[in-house]
Amino acid sequence: MQPGLVAEVSADTAVDRGGVYWPPARYVRMRRDATVDDVPRFGGGSAATAG
């Protein structure tokens, strides 16, 4: 199955003492101006980008 939609999320890489990511990732909005080909796969980019 191929992905078909792009969503923007807000996330942080902070980890608490128990090994849990904090704060959790949150949905921001659908990105109708972007296609799945515009987004690097997880682990495929060298750095996070902001828009």
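Residues numbered from 1 in each chain as written. Predicted model: local features only at pLDDT ≥ 70, side-chain atom pairs only at ≥ 80, totals over all residues. Heavy atoms only, no water.

1. Some remarks on the overall build of the protein chain
Summing up its helical and strand segments, the protein chain has 0 helices and 2 strands in all. Here the protein chain, with 51 residues, has 4% of them falling under the buried criterion. Counting only contacts in the protein chain whose residues sit at least 6 apart along the sequence, the fraction spanning at least 24 positions is 35%. Working note: accessible area of the protein chain is about 5,000 Å², and carbon and sulfur atoms make up 54% of it. (Helix = DSSP H or I, 4+ residues; strand = E, 2+ residues; numbered from the N terminus. Buried < 20%, exposed > 50% of the residue type's maximum accessible area, 1.4 Å probe, protein only. Contact = heavy atoms within 4.5 Å. Areas by Shrake-Rupley, 256 points an atom, 1.4 Å probe, with all protein chains shown as cover.)

2. Points about the pattern of salt bridges
Throughout the structure, instances matching the rule amount to 3 salt bridges. E8 is paired through a salt bridge with R29; the nearest N and O atoms lie 2.7 Å apart. Of this pair, E8 sits in strand β1 (residues 7–10) while R29 sits in strand β2 (residues 26–30), and the two are 21 residues apart along the sequence. Of the residues examined, E8 reaches a relative accessible area of 26% and is grouped as partly exposed. For D33, the salt bridge identified is with R31, shortest N-O distance 2.9 Å. (Salt bridge = Lys/Arg side-chain N within 4 Å of Asp/Glu carboxyl O.)

3. Some thoughts on the environment of D12
Summarising the element assignment, D12 is placed in the loop between β1 and β2. Separated by 12 residues in the primary sequence, D12 and P24 have C-alpha atoms spaced 7.4 Å apart. Contacts of D12, omitting those with residues within four sequence positions, involve Y21, W22 and P23. Among the polar contacts made by the side chain of D12, one reaches the main-chain amide nitrogen of A14 at a distance of 3.1 Å. (Polar contact = N/O pair within 3.5 Å; in protein donor to acceptor, adjacent residues only side chain to side chain.)

4. What about the environment of W22?
Mapped onto the elements, W22 comes out in the loop between β1 and β2. Owing to a relative accessible area of 56%, W22 belongs among the exposed residues under this scheme. Residues in contact with W22, not counting those within four places in the same chain, are D12 and A14.

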